[in-house]
Amino acid sequence: MNFSVDEKGFYGNFGGAFIPEMLYSNVEELKNNYLEIINSDEFQNEFKQLLKDYVGRPTPLYLSERLSDKYNCKIYLKREDLCHTGAHKINNTIGQILLAKQLGKTRIIAETGAGQHGVATATVCALMGLECVIYMGEVDIERQAPNVSRMKMLGAKVCPATSGSKTLKDATNEAIRDWINHPENTYYIIGSVVGPHPYPDMVARLQSVISGEIKIQLKEKEGRENPDYLIACVGGGSNAAGLYFNYLEENSVKLIAVEAAGKGIDSGKSAATSVLGKPGIIHGSKTLLMQTEDGQITEPYSISAGLDYPGVGPLHAHLSETGRAEFYAITDEEAMNAAMELAQWDGIIPAIESSHALAVLHKIQFKKDDIVVLNLSGRGDKDLQTYIKYFDL
Ligand SMILES: *Cc1c(COP(=O)(O)O)cnc(C)c1O
């Protein structure tokens, strides 16, 4: 099986670039240049230096003794929660802003749902001194006030999207409209392995630093590069793609992808795309997405804002269709309980997104000598209000 993108941007049946005519030249420019830029020594040196000195990489690979005891195997946590700004998203935004500079762009746009990608983008724009405009649904601006304040403090302009449901997909439409109107000077930073080709492949490559580090760290700790299991939560799929990237062709490594079941798969309040999704086109690529009979995108739901997305990236649709990755769906309740367990057992308060990955440990029958690496994609500071309300803390 092949898990790299083909010339047209497809992973098997999924991917491609379904974009309006007006965006063709922007996307073409990116497609023709991204690999050469990313693979150049100049880019790699600057990227690695910033990941080290600014983000704090490599992130630790931490053996949790207590989780290991409980689940009767060896469980390592890849500590993306310790990255600057609190999650893996910054790996991608650092990479894309360097690329934007190489392409001579002076203005950055992005869309954000919960605000995490907006903050990661505003952060790197401040770092590089570039103008930053973030589109965000009006409803999300209200729900995610602290992140809006962060973006403003970092010097970004936050533009409300006031059409439709006033959430992420409407913000995306606004961002695309902006890009069409400013094709010369503007670069669009997408926050996950979604969007038209080459974004999914580009973002996966930038996040692949995660599995690159794990290979070295596991070799050091266990004498072998390959774990038996890799586990990650999937919203759009970027932290999972980074975790899997260097192991996709290693068939002995089982890939576990965890989606948000919300209040339950059949409850009508869910974001479990691999179960509920059908092939369709969203954000310029063909992938699995949750939609009505007549193809209208269904509003997703999860207690975790980062998993509250109606699609998955095309790589993940392919991993699901081919069976290379095994997909699980975890409810709000299961995720919240897993968060409490990690907090009280290991002294780590995880992001609710990452807690979905933790909750899957209950559902897999491990063997004693199995080595499991779970990507702890982010920290829980941003979720404190949700934890307080849920557990009445
Ligand atoms: C945004 C986010 C996610 C989901 O995004 P992916 O692209 O699927 O990784 C997961 N965890 C955290 C902490 C996030 O902020």
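Residues numbered from 1 in each chain as written. Predicted model: local features only at pLDDT ≥ 70, side-chain atom pairs only at ≥ 80, totals over all residues. Heavy atoms only, no water.

Student: Whenever I open this one, the sheet that holds strand β7 (residues 157-161) confuses me. Can you help?
Tutor: Within a beta sheet, neighbouring strands are joined by backbone hydrogen bonds and run either parallel or antiparallel to one another. Ordered by their spatial adjacency, four strands build an open sheet running β7-β6-β5-β8, and the pairing between neighbours is parallel. Every other strand in the sheet has two partners, leaving β7 and β8 (186-188) as the edge strands with one partner each. The mean inter-strand angle of the sheet, taken between neighbouring strand axes irrespective of direction, is 25°. For strand β5 (residues 107-112) and strand β6 (residues 131-137), the ladder comprises six bridges, and the chain directions are parallel. (Pairing = 2+ DSSP bridges. Helix = DSSP H or I, 4+ residues; strand = E, 2+ residues; numbered from the N terminus. Axes fitted to C-alpha atoms, helices over the stretch in contact; angles between N-to-C directions.)

Student: I'm lost on the nonpolar core in this one. Help?
Tutor: If you look at soluble globular proteins, the nonpolar side chains tend to sit buried side by side. Counting 88 residues, the largest nonpolar core has Leu99, Tyr187, Met202, Tyr244 and Leu319 as its most contacted members. If sequence neighbours within four positions are ignored, Tyr187 has contacts with Leu30, Gln96, Leu99, Ala100, Leu103, Lys105, Arg107, Ile108, Ile109, Trp179, Tyr199 and Met202. Core analysis: the next-biggest nonpolar cluster, separate from the first, contains 29 residues, Tyr229, Leu342, Leu374 and Leu376 among them. (Core = buried A, V, L, I, M, F, W, Y, C linked by side-chain atoms within 4.5 Å. Buried < 20%, exposed > 50% of the residue type's maximum accessible area, 1.4 Å probe, protein only. Contact = heavy atoms within 4.5 Å.)

Student: Can you help me understand the sheet that holds strand β4 (residues 74-79) in this one?
Tutor: On the basis of which strands lie adjacent, the open sheet formed by six strands has the order β3-β4-β14-β9-β10-β13 and mixed pairing. Single-partner strands in this sheet number two, and they are β3 (61-63) and β13 (325-331). With strand direction ignored, the average angle separating the axes of adjacent strands in the sheet is 25°. The strands that helix α10 (residues 209-222) touches are β3, β4 and β14 (371-376); relative to β4, the one it contacts most, it runs at about 140°. Lying over the sheet, helix α14 (residues 332-346) contacts β3, β4, β10 (254-262), β13 and β14, oriented at roughly 90° with respect to β13.

Student: Sorry if this is basic, but what is going on with the packing of aromatic side chains here?
Tutor: What characterises a pair of aromatic rings is the spacing of the ring centres plus the angle enclosed by the ring planes. For the structure on display, the rule yields eight aromatic pairs. Considering the side-chain rings of Trp179 and Tyr199, the 6.5 Å spacing of their centres and the 65° angle between planes classify their relative orientation as edge-to-face. With Trp179 in helix α8 (residues 168-181) and Tyr199 in helix α9 (residues 199-207), the pair connects residues that are 20 residues apart, well separated along the chain. In this structure, Trp179 and Tyr199 share a single accessibility class: buried. In this structure an aromatic cluster arises from ring pairing among Trp179, Tyr188 and Tyr199. For Lys215, the ring lying beneath its charged end belongs to Tyr247, and the centroid distance is 5.2 Å. Here the guanidinium or amino end of Lys254 rests over the ring plane of Tyr229, the centre of that ring lying 4.8 Å away. (Phe/Tyr/Trp six-rings, centres within 6.5 Å; stacked < 30°, edge-to-face > 60°. Lys NZ or Arg CZ within 6 Å of the ring centre and 35° of its normal.)

Student: Help me out: how do you make sense of the site of the ligand in this one?
Tutor: The immediate surroundings of the ligand are formed by 16 residues, with Lys89, Ser192, Gly235, Gly237 and Ser238 found nearest. In this structure, His88 approaches the ligand through a side-chain N or O atom, which is 2.9 Å from an oxygen atom. At 2.6 Å, a side-chain N or O of Lys89 approaches an oxygen atom of the ligand. Starting from 380 Å² of accessible surface for the ligand in isolation, the protein chains cover 97%. (Near = heavy atom within 4 Å. Polar contact = N/O pair within 3.5 Å; in protein donor to acceptor, adjacent residues only side chain to side chain. Areas by Shrake-Rupley, 256 points an atom, 1.4 Å probe, with all protein chains shown as cover.)

Student: Sorry if this is basic, but what is going on with the pairing of β4 here?
Tutor: Remark: a regular strand shows side chains that alternate across the two faces of the sheet. Most of β4 sits out of view: five of its six residues are buried. One ladder, built from three bridges, connects β3 with β4; its direction is antiparallel. Residue Leu61 lies in a different strand from β4, and its bridge partner there is Lys78. Bridge analysis of β4 against β14 gives six bridges, and the strand direction is parallel. Looking across to β14, one finds that Lys74 is bridged to Ile371.

Student: Got a minute to help me understand the pattern of salt bridges in this structure?
Tutor: Side-chain pairs of opposite charge can arise whenever the charged atoms involved come near each other. Within the structure shown, the criterion is met by 21 salt bridges. A salt bridge links Lys78 to Glu213; the nearest nitrogen and oxygen atoms lie 2.7 Å apart. A residue pair is termed long-range when its members are at least 10 positions apart, and Lys78 in strand β4 and Glu213 in helix α10 qualify at 135 residues. Look at Glu213 and you get buried, because its relative accessible area is 12%. Residue Lys382 pairs with Asp383 through a salt bridge whose shortest N-O separation is 2.9 Å. Lys382 sits in the partly exposed class, given a relative accessible area of 30%. Residue classification places Asp383 among the buried residues on the basis of a relative accessible area of 7%. Each of Arg57, Lys78, Glu80 and Glu213 takes part in a single network of salt bridges with overlapping partners. (Salt bridge = Lys/Arg side-chain N within 4 Å of Asp/Glu carboxyl O.)

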